[in-house]
There are 2 protein chains.
Amino acid sequence: MKRTLFALAATLVATSALAQPVRPLTPGAIIARAPSADFQAVDPDDLLIIDLFKGGRIVIQLSPEFAPAHAANIRALARAQWYDGLFIERVQDDYVTQWGDPSGKKALPKGVAERPPAEYDRAAEGLKPYILPWKDTYAEQTGFAGPWPMASADGRAWMTHCYGMVGVGRDLSPDTGTGGELYAVIGHAPRALDRNIALVGRVLEGMDILASFPRGEGELGMYTKPAQFISIRRVRLASELTGPDRPYFEVMKTASPSFKAWSDLKANRKDDFFIHPAGAVDVCTILPPLRKARTK
Amino acid sequence: MKRTLFALAATLVATSALAQPVRPLTPGAIIARAPSADFQAVDPDDLLIIDLFKGGRIVIQLSPEFAPAHAANIRALARAQWYDGLFIERVQDDYVTQWGDPSGKKALPKGVAERPPAEYDRAAEGLKPYILPWKDTYAEQTGFAGPWPMASADGRAWMTHCYGMVGVGRDLSPDTGTGGELYAVIGHAPRALDRNIALVGRVLEGMDILASFPRGEGELGMYTKPAQFISIRRVRLASELTGPDRPYFEVMKTASPSFKAWSDLKANRKDDFFIHPAGAVDVCTILPPLRKARTK
């Protein structure tokens, strides 16, 4: 018997699961049948689109709820077309892919803060998060505030460094980074970075691209030869794009019944493949499901 | 100021940290100054070497302590040169890279068990693990049994699906997989697979290769065109190789003072970069450090 498809049962397409009610419900089926009311359209001013010269698109949802000054900087840099022609310059295995200005000398446009505040955490008050019932190694509580994976303790809350989360490269403290250097997590969640660096969003599309670049051979995964740099054609906000160029995304509302059903099932798989339900799931394995919305 | 090197302080090379005693100790410095007695040479019968046709080597340490029947199968398959000419056939982003026989029809050599037992966990007794003092989302306890990251509860122990761990592809239960199909974790630890599938080891070299293949576009990340398959030139045990072809590895003993100092520091970084120590670290972020040993 062919053994290539381990976890086939884990991801059976929704339709077949629904057509055969004797099979246990799958996470995919819950996403597929979730009503539109359980999804939230992403604001086009919060969607950052990176188009590479060699083809390939990366789409990031910004998180002004946690890092308003850094999100404002990034929007201003995009509108000034400041990132255009810069590079992916660092790929460190099981850690991050980073892009920006390898020279570190490109002048910032007007209106971009040189020294934004340290938006590493914020007051927990006002977030109304969906709190997960499971233990976390790093924090008292974890959960989701809107679309954002977060942890909290002592009245403070912060986003968590999960696979696909985007942060702001910085130098040593008190530098907080301008947003001119950004990175995406491409490995196991480096949660020790939480509260030490500003997270500004999540990659909604293009992780398959960001995570599969050749690893850099220099210190910290830096590319050491200019020929290795991967050129960025342009970076824009979705609100600046029109027609078929403009992407639309919807993220499942974490306060919705669908999200609760989906995350609970992810924590308690028992079916033809999963014989031992985990009984829990960590915050980084349940980033909210997405839909590429087809209409405005 | 150049902002490309976030986390530079996190990985300062050992020598510079030692030369400047005013700087806080780094994890790298602890590894660099660890005595030889704190490392364990890997048995050459436990080292599986995969050489790719297009170049590139992957080295895996097998874990007979947790999966003796599957490790025996894999050794027998390597000695029979059964894997030679097979393929990397599946790369699913944030999950696994898998290799084996895409046809699923290649006959197994004599001496390979068709239906090994379900080595998904084992008795905790006899392991003498180094138990971590921090919470885990999925288990009562986590720690290391020799070189192996593990979790335990109710007298049972099992290896954990961390980045770089290697498992045995299987079909639906009660199939446990023969070892003819293997996968390596290339994303955030999919711990829900723990106790549902046999883990058989850890990639010691070549994760940069396994994690950077193009993602497959088929269901579960399968490559859909034969041209996408990545050819395996040969798979051998280190004990079958001689001369410069034969690799030697040492893994830090998890019962050593060096490992305790290193993992404790990883949990409590406070230096020019880390302003907020995490106070904990999860089992998957502290797989034992390695040395490529230069002599027998």
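A short tour of the structure in this document, coming up. (Residues numbered from 1 in each chain as written. Chains lettered and ligands numbered in written order. Predicted model: local features only at pLDDT ≥ 70, side-chain atom pairs only at ≥ 80, totals over all residues.)

A tally of regular secondary structure across chain A gives five helices and 16 strands. Relative to its length of 296 residues, chain A is compact, with a C-alpha radius of gyration of 20 Å against a globular reference of 19 Å. Dimensions of chain A, computed from the C-alpha atoms along their principal axes, are close to 60 × 45 × 40 Å. Put simply, of all contacts in chain A between residues at least 6 apart along the chain, 70% involve residues at least 24 apart. (Helix = DSSP H or I, 4+ residues; strand = E, 2+ residues; numbered from the N terminus. Rg over C-alpha atoms; globule rule 2.2 N^0.38 Å. Contact = placed C-beta atoms within 7 Å.)

Quick look at the relation of the copies chain A and chain B now. Expressed as a screw transformation, the operator carrying chain A onto chain B has a rotation angle of 180° and an axial translation of 0.0 Å, and the superposed copies differ by an RMSD of 0.0 Å. Overall, the copies show the geometry of a two-fold rotation axis. Looking at chain A, 100% of its interface residues are interface residues in chain B too, so the copies touch through the same face. (Least-squares fit on C-alpha atoms with pLDDT ≥ 70 in both.)

A few words on the pairing of strand β10 (residues 156-159) of chain B. Residue and element names in this part refer to chain B. Of the pairings in the sheet, the one linking strand β6 (residues 122-123) to β10 comprises two bridges and is antiparallel in character. Bridged to Arg122 within β10 is Ala157. Two strands pair when backbone bridges link them, and strand β9 (residues 148-153) and β10 are joined in this way by four bridges, in the antiparallel orientation. Within β10, the position partnered with Ala153 by the bridge is Arg156. In this structure, the hairpin formed by β9 and β10 is closed by a connection of two residues, where Asp154 is found at a positive phi of approximately 55°. (Pairing = 2+ DSSP bridges.)

Residues and elements named next belong to chain A. With respect to the helices and strands, the residue Ala139 is situated in the loop between β7 (130-131) and β8 (141-145). Residue Ala139 is classed as buried on the basis of its C-beta count, with 25 C-beta atoms lying within 10 Å. Along the primary structure Ala139 and Ala157 are separated by 18 residues, whereas in three dimensions their C-alpha atoms are 9.9 Å apart. (Buried ≥ 20, exposed ≤ 12 C-beta atoms within 10 Å, placed from the backbone.)

For the rest of this paragraph, the subject is the sheet that holds β10 of chain B. Residues and elements named next belong to chain B. The strand order across the open sheet built from five strands is β6-β10-β9-β8-β7, with neighbouring strands paired in antiparallel fashion. Because the sheet does not close on itself, it has two edges, and the strands there are β6 and β7 (130-131). Bridge count between β7 and strand β8 (residues 141-145): two bridges; the pairing is antiparallel. Residue pairing in the sheet places Tyr130 in a bridge with Phe144 of β8.

Our next topic: the interface of chain A and chain B. Taken together, the contacts link 63 residues of chain A with 64 residues of chain B. Broken down by secondary-structure element, the contributors of at least two residues to the side of chain A that touches chain B are β4 (87-92), β5 (96-100) and α4 (207-210) of chain A. Here the residues of the side of chain A that touches chain B sort into 28 nonpolar, 16 polar and 19 charged. (Nonpolar A, V, L, I, M, F, W, Y, C, P; charged D, E, K, R; others polar.)

Mapped onto the elements of the fold, Gly100 of chain A is located in strand β5. Considering only alpha carbons, one finds Gly100 of chain A and Asp84 of chain A, 16 residues apart in sequence, at a separation of 9.6 Å.

To continue, consider the sheet that holds strand β11 (residues 165-168) of chain A. Residue and element names in this part refer to chain A. Strand order in the closed barrel formed by eight strands is β2-β3-β13-β11-β12-β5-β4-β14, with antiparallel pairing between adjacent strands. Along the sheet, successive strands turn relative to each other by an average axial angle of 35°, direction set aside. Taken together, the five bridges between strand β2 (residues 47-52) and strand β3 (residues 57-62) define a ladder with antiparallel strand orientation. Bridging across to β3, Leu47 finds its partner in Gln61. Taken strand by strand, helix α3 (residues 68-79) contacts β2, β3, β11, β13 (199-205) and β14 (230-237), and its axis lies near 105° from that of β14. (Axes fitted to C-alpha atoms, helices over the stretch in contact; angles between N-to-C directions.)

Time to look at the environment of Val91 of chain B. All names here are of chain B. Structurally, Val91 is set in strand β4 (residues 87-92). You can call Val91 buried: it has 29 C-beta atoms within 10 Å. As for Val91 and Phe213, which are separated by 122 residues in sequence, their C-alpha atoms are 7.0 Å apart. In contact with Val91, not counting residues within four places along its chain, are Thr97, Phe213, Pro214, Arg215, Gly216 and Gly221.

Leu48, Val166 and Val200 of chain A together with Leu48, Val166 and Val200 of chain B are the most contacted members of the largest nonpolar core, which has 158 residues in total. Aside from chain neighbours lying at most four places away, what touches Val200 of chain A is Leu62, Ser63, Ala67, His70, Ala71, Ile74, Val166, Gly167, Val168 and Gly179 of chain A. (Core = buried A, V, L, I, M, F, W, Y, C linked by C-beta atoms within 7 Å.)

Function-wise, these values are silent; they only describe arrangement.
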